[in-house]
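Structure at a glance
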Amino acid sequence: MRFIRGFQAIFIFILGSAGAITAAGQSESNYNAGSNARRDHLSIPKTGRAPSLEDFLEMKPGPEIEGGLAKAENFIQNQPRDGEPATQRTDAYLCYDDKHLYIIFVAFDTEPEKIRARMEKRENAFDDDFVEVTLDTFHDRRRGYMFWSNPLGVQAEGIWTEEQGEPDWSFDTIWHTRGQRTKEGYVVWMAIPFKSLRFRIEDQQTWNITLLRRIPRANEWAYWPRVSARVEGRLSQAGEVTGLNKISPGRSVFLIPYGSFRSFRALDDNGSQPRFVSDRQFDGGLDAKIVLKDNFVLDVTANPDFAQIESDQPQVTVNQRFEVFFPERRPFFLENSDFFTTPLDLVFTRRIADPQFGARLTGKAGPYAIGALVMDDQSPGRRAPGNNPLRDQRALFTIARVRRDIMKQSNVGVIFTNRQFGDSYNRVGGVDGRIKLNQNWVSGFQAVTSATRTLDGKYLAGPAYQAYLYRSGRQFNYELNYEDFSPNFRTETGFVQRTDLRNIEQGINYNFRPQGKYLISWGPRVFTDHKWDHQGTRLDETIGVNMRWEFTGQTNVGFFTMHNRERLRPKDFPILKEDRDFASNVKGFSLSTSYLRWLSFNGEYNRWAGINFVPPDGREPFHSDRSSINAGVTVRPSNRMRVDNTYLFSRSLDRLALSGKKGANIFQNHIIRSKWNWQFNRELSLRVILQYDALLANPSLTALETRKNFNADFLLTYQLNPWTALYAGYNSNLQNIDLLQRPGGAEVVRYPDRFINDGKQLFVKFSYLFRF
């Protein structure tokens, strides 16, 4: 009760502070997002002659097309000096014909030699200077198509949703870009087919639009029309576009067949007798995308193949109490994933490990956004023993989501998920909502319940809830989040680390903006995190403070300290006879910079008193001294070559002298990854990834085993568009193991320094887009 009363006092204080800060000179709310609606308007003319890049290389339209263009100019900064004119001039010209919308950015620069423009892989040049257009084709200020290009025409496309507040770059479509640097800056030409967009079928279209230019060396984001950092959201401040008359997306059918060849040798240690297996396989499959009634997209896949997908970014997974989250990377599951997003993470498609058939329907009809997904998964049946009746059976995933727009940029929705395998099932259903209270404050909620029957016939059921409130502004920001998972709640389609949990988190930060020559902003952030179970027992507690400074040159420096308390219970660790409470103080600092065009660095160091969750058999978890390093260095020796290097280090030392020596090593984990990418031109690239992972364990203090792993991955790609591509790859893996033959059968044994090749693969894959 004391905690609840304390929280209430803090919450009232923060709301009072928010009101005081907002009232003081109206510094955070003196900009009305709708006040410039009439002035921020473009009427786009229809052209009889499509513009080209060459028409603008003199940094102005050529005489043949000059009179047939709409022009947007006078871009306004969002960062670092919100509301001030952009430091560099940008003019954007727009027109259309029966098939395309054309947008040409003429980007002037008084220091053109400082422009960052590299020949990168598609959707991999986000550190460069760039220009971008966002099109809200349904004119509802909720969701928009994003089209992005660096000065050389390297492109990326995505989806912006006001609810998520950040781009989703998984969206792919066909469009065209060209770019060229000039003596006065650069020019980017875009041609966006109407066939690649979805919009209402009306004779006269009214859309919303934002145009953006980013100048990384100055940390500058400049928009037309003004998009203020003092207001939550982007599309709420977008300009209006008219003049697009009698256009249609037309019929659009994508068929993407693929064929592949794979030769591999690998260690199979899932059965009772580990052994090496090898094979050569020819395979094929089909992806299809069909537009239905202009508003809905049906995606179908048969025997999908993801051999070309890059391996996960490294994470430390040793001595972790709960499951580590690895984001989805497969294109089929990433595209249009925002249709299934809810406050609780109920759709985590990496649970579908080995699909063979699937379909997804997404789209919008009036105020309703609809998403449905049906997919099988062969992996549970393949893991079952050979004499199990579930051997070679499939799990079936079914997900349905409907969201309705209400008021201005608010919505309510329902979701249902189901995973069925044999006689077992897991079903989750519920409602959720997002309410935009004003131009800064947003609240939301979700309430769901689950019903689960396990393979052994046990039945579990229980609810889960979430509620949140946050404020987004240029200086004052606040977030409050509450989650409640009952003991019997389960989601086999989502990602929930623990149940029987009530959790409340708060964070408040204030950014001072001196607008100096080098220092852009600085300020403190205070945050708390309290967890307890449904019996009222306090589980975990975190209270922390950090300070951050932002400088020009994309340079950030931070220092932080936290106080943590964590409770371990006999129900979590049966070896414990009673609850144990662990307390620790965490200290650390971080640094990131891209001040130099050819070099970027980010790093973080932490030190704290942690817990050894994997002690030797028969010993309880105990306190240890922990430290970690997470560092990344990106080097660009040339405009066509990029080298990304990552180093992760985690160490645990004997704090209690249990081994007879205080400070003795419990374990050390080193992960080193180096990714090299050569971009020969916009279509052809070579990628090499080398990764070494070593866990050095002390068997007297931990049950972890010493293991070492080295992986080399090579991929040659020729890609004309997101679907038409040729891939040739090779992967080889080495581990410190050996396969020894014993009288009772084979056994996998680890050695400190001996490596064998436990897996290698060569593959070739070709896919081609047929568009009708």
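Each value, and the rule that gives it
- Residues numbered from 1 in each chain as written.
- Predicted model: local features only at pLDDT ≥ 70, side-chain atom pairs only at ≥ 80, totals over all residues.
- Heavy atoms only, no water.
- Helix = DSSP H or I, 4+ residues; strand = E, 2+ residues; numbered from the N terminus.
- Buried < 20%, exposed > 50% of the residue type's maximum accessible area, 1.4 Å probe, protein only.
- Contact = heavy atoms within 4.5 Å.
- Areas by Shrake-Rupley, 256 points an atom, 1.4 Å probe, with all protein chains shown as cover.
- Lys, Arg positive; Asp, Glu negative; His and termini not counted.
- Charge placed at Lys NZ, Arg CZ, Asp CG, Glu CD.
- Patch = residues over 30% accessible without salt bridge, like charges linked within 9 Å, V, L, I, M, F, W, Y side chains within 5 Å.
- Salt bridge = Lys/Arg side-chain N within 4 Å of Asp/Glu carboxyl O.
- Core = buried A, V, L, I, M, F, W, Y, C linked by side-chain atoms within 4.5 Å.
- Phe/Tyr/Trp six-rings, centres within 6.5 Å; stacked < 30°, edge-to-face > 60°.
- Pairing = 2+ DSSP bridges.
- Axes fitted to C-alpha atoms, helices over the stretch in contact; angles between N-to-C directions.
- Polar contact = N/O pair within 3.5 Å; in protein donor to acceptor, adjacent residues only side chain to side chain.

Time to look at the overall build of the protein chain. Of the regular secondary structure elements, the protein chain holds three helices and 41 strands. Here the protein chain holds 772 residues, and the buried ones make up 52% of them. Considering only intrachain contacts with a sequence separation of at least 6, the fraction spanning at least 24 residues in the protein chain is 60%. Accessible surface for the protein chain amounts to roughly 34,700 Å². Of this, 54% is attributable to carbon and sulfur atoms. Considering the protein chain, the positive charge centre built from 101 side chains and the negative charge centre built from 89 side chains are found 2 Å apart.

For the rest of this paragraph, the subject is a nonpolar patch on the surface. Taken together, the side chains of Tyr718, Leu720, Leu726, Val764, Phe766, Tyr768, Phe770 and Phe772 present a nonpolar region at the surface, about 740 Å² in accessible area. The residue leucine 720 is located in the loop between β36 (707–719) and β37 (725–735) in this model. Judged by its relative accessible area of 53%, leucine 720 falls in the exposed class.

For the rest of this paragraph, the subject is the nonpolar core. Generally speaking, nonpolar side chains in soluble globular proteins are found buried as a group. With 38 residues, the main nonpolar core has Trp207 and Leu211 as its most contacted residues. Not counting chain neighbours up to four residues away, the residues in contact with leucine 211 comprise Ala72, Phe75, Ala92, Ile103, Phe105, Glu132, Val133, Ala222, Tyr223 and Trp224. Core analysis: the next-biggest nonpolar cluster, separate from the first, contains 24 residues, Phe332, Phe340, Ile415 and Phe489 among them.

Take the packing of aromatic side chains next. This model, assessed by the stated rule, comprises 32 aromatic pairs. Look at phenylalanine 126 and tryptophan 169: their rings are 4.9 Å apart centre to centre, the planes differ by 40°, and that puts the pair in the tilted class. Remark: tryptophan 169 occurs in the loop between β9 (167–168) and β10 (176–182) and phenylalanine 126 occurs in the loop between β5 (100–108) and β6 (130–136); sequence separation between them is 43 residues. A residue is classified by how much of its surface remains accessible, and tryptophan 169, at 24% relative accessible area, is partly exposed. Between tyrosine 768 and phenylalanine 770, the ring centres sit 4.9 Å apart and the planes meet at 65°, which makes this aromatic pair edge-to-face. We classify phenylalanine 770 as partly exposed; its relative accessible area is 38%. A network of ring pairs unites the aromatic residues Phe126, Phe130, Trp148, Trp169 and Trp221 as a single cluster.

Turning our eyes to something else, we now look at the sheet that holds β10. Reading across from one edge, β2-β4-β5-β11-β10 is the order of the five strands in this open sheet, with antiparallel pairing throughout. Among the strands making up the open sheet, the edge pair consists of β2 (70–72) and β10. Each strand of the sheet is rotated relative to its neighbour by a mean of 15°, with strand direction disregarded. Note that β5 and strand β11 (residues 185–193) share nine bridges and pair antiparallel. Among the inter-strand pairings, tyrosine 102 is bridged to a residue of β11, identified as alanine 191.

Within the secondary structure, aspartate 654 is located in strand β33 (residues 641–654). At 3.1 Å, the side chain of aspartate 654 and the backbone nitrogen of leucine 656 are in polar contact. Not counting the four nearest positions on each side in its chain, aspartate 654 is found in contact with Ser659, Lys661, Lys662, Gly663, Ala664, Ile666 and Leu701.

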